[in-house]
Amino acid sequence: MDRDGGCLCGATRYKVSGDPLRVLYCHCDDCKKQTGSPYSIVASFEKEQVTFRNIERLKTHETVGDSGNQVKRIFCGQCGSPVYSKVKALKDVILIKAGSFDDMSWLSPSAELYTKDKVRCATIDSSIDSFIAARK
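Let us look at the structure shown here. All of these numbers come straight from a predicted model, not from anything done at the bench. (Residues numbered from 1 in each chain as written. Predicted model: local features only at pLDDT ≥ 70, side-chain atom pairs only at ≥ 80, totals over all residues. Heavy atoms only, no water.)

### Considerations on unusual backbone geometry
- The backbone of N54 sits at a positive phi, close to 60°, despite the residue not being glycine.
- You can call N54 partly exposed: its relative accessible area is 39%.
- The phi torsion at Y114 lies on the positive side, around 55°, for a residue other than glycine.
- By secondary structure assignment, the location of Y114 is in the segment after β10 (111–113).
- The partly exposed category is assigned to Y114, whose relative accessible area is 31%. (Buried < 20%, exposed > 50% of the residue type's maximum accessible area, 1.4 Å probe, protein only. Helix = DSSP H or I, 4+ residues; strand = E, 2+ residues; numbered from the N terminus.)

### What about the sheet that holds strand β6 (residues 58–64)?
- Reading across the sheet, the seven strands line up as β6-β7-β8-β9-β4-β3-β10 and stay open at both edges, with mixed pairing between neighbours. Taken across any chain shown, the strands that pair with only one partner, and hence form the sheet edges, are β6 and β10. The mean inter-strand angle of the sheet, taken between neighbouring strand axes irrespective of direction, is 30°.
- As paired strands, strand β8 (residues 82–87) and strand β9 (residues 93–97) are joined by two bridges and run antiparallel to one another. If you follow S85 over to β9, its bridge partner there is L95. (Pairing = 2+ DSSP bridges. Axes fitted to C-alpha atoms, helices over the stretch in contact; angles between N-to-C directions.)

### Details of the sheet that holds strand β1 (residues 2–6)
- Within the open sheet, the three strands sit side by side as β1-β2-β5. Their pairing is antiparallel. Strand pairing shows two members of the sheet lacking a second neighbour, β1 and β5 (50–53), which therefore form its edges. Across the sheet, the mean angle separating the axes of adjacent strands is 20° when strand polarity is ignored.
- One ladder, built from five bridges, connects β1 with strand β2 (residues 13–17); its direction is antiparallel. Residue D4 lies in a different strand from β2, and its bridge partner there is K15.

### Section: the side chain of R3
- Considering the arrangement of structural elements, one finds R3 in strand β1.
- For the buried R3, no salt bridge exists, and the shortest N-O distance to an oppositely charged side chain is 4.3 Å, to D19.
- The residues contacting R3, other than those within four sequence positions of it, are Y14, K15, V16, G18, D19, F101 and W106. (Lys, Arg positive; Asp, Glu negative; His and termini not counted. Salt bridge = Lys/Arg side-chain N within 4 Å of Asp/Glu carboxyl O. Contact = heavy atoms within 4.5 Å.)

### Quick word on the packing of aromatic side chains
- Counted by the stated rule, this structure contains six aromatic pairs.
- Looking at R3, its charged tip hangs above the ring of W106, at a distance of 3.7 Å from the centre. (Phe/Tyr/Trp six-rings, centres within 6.5 Å; stacked < 30°, edge-to-face > 60°. Lys NZ or Arg CZ within 6 Å of the ring centre and 35° of its normal.)

### Let's talk about the pairing of β2
- Where β1 hands over to β2, the hairpin turn is made up of six residues, of which G10 adopts a positive phi near 85°.
- Across four bridges, the pairing between β2 and β5 is antiparallel. Across the sheet, the residue bridging to R13 is R53, located in β5.

### What to know about the state of the cysteines
- Here the structure, examined in full by the defined rule, presents zero disulfides.
- Cysteine C31 shares no disulfide, and the gap to the nearest cysteine sulfur, in C28, comes to 3.7 Å.
- Judged by relative accessible area, C31 falls into the buried class, the value being 5%.
- Counting only cysteine sulfurs, C7 is the nearest neighbor of C76, a cysteine outside any disulfide, at a range of 3.7 Å. (Disulfide = S-S within 2.5 Å.)

Below is the structure:
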């Protein structure tokens, strides 16, 4: 099955084909900073499964992970949306940021990474009020 996604402003789009290798929660401090959230959800795909359009708008920020390996975080240079990451140790894998999919309801993470950095608010208390949409 093909799935589409892209950045918030629509300047960059992508299509993934087939199922992801894995879907993961990442609690590392860099993912939290990049997403502005208590964790990031990523879906990993072989690079052959992913086709990008309008990549000239994408920018890259490089960091070094705990392993000492380079991590490239790719985002839209126009709207700032995180789109995907590349880890040097996984040279043929693209880690698509789940929030960039047009529909992410099909995703089902199977594992968590960097739980040593997990924050308490990363688990949502099911007893609190829950709203389908914000009031206008």
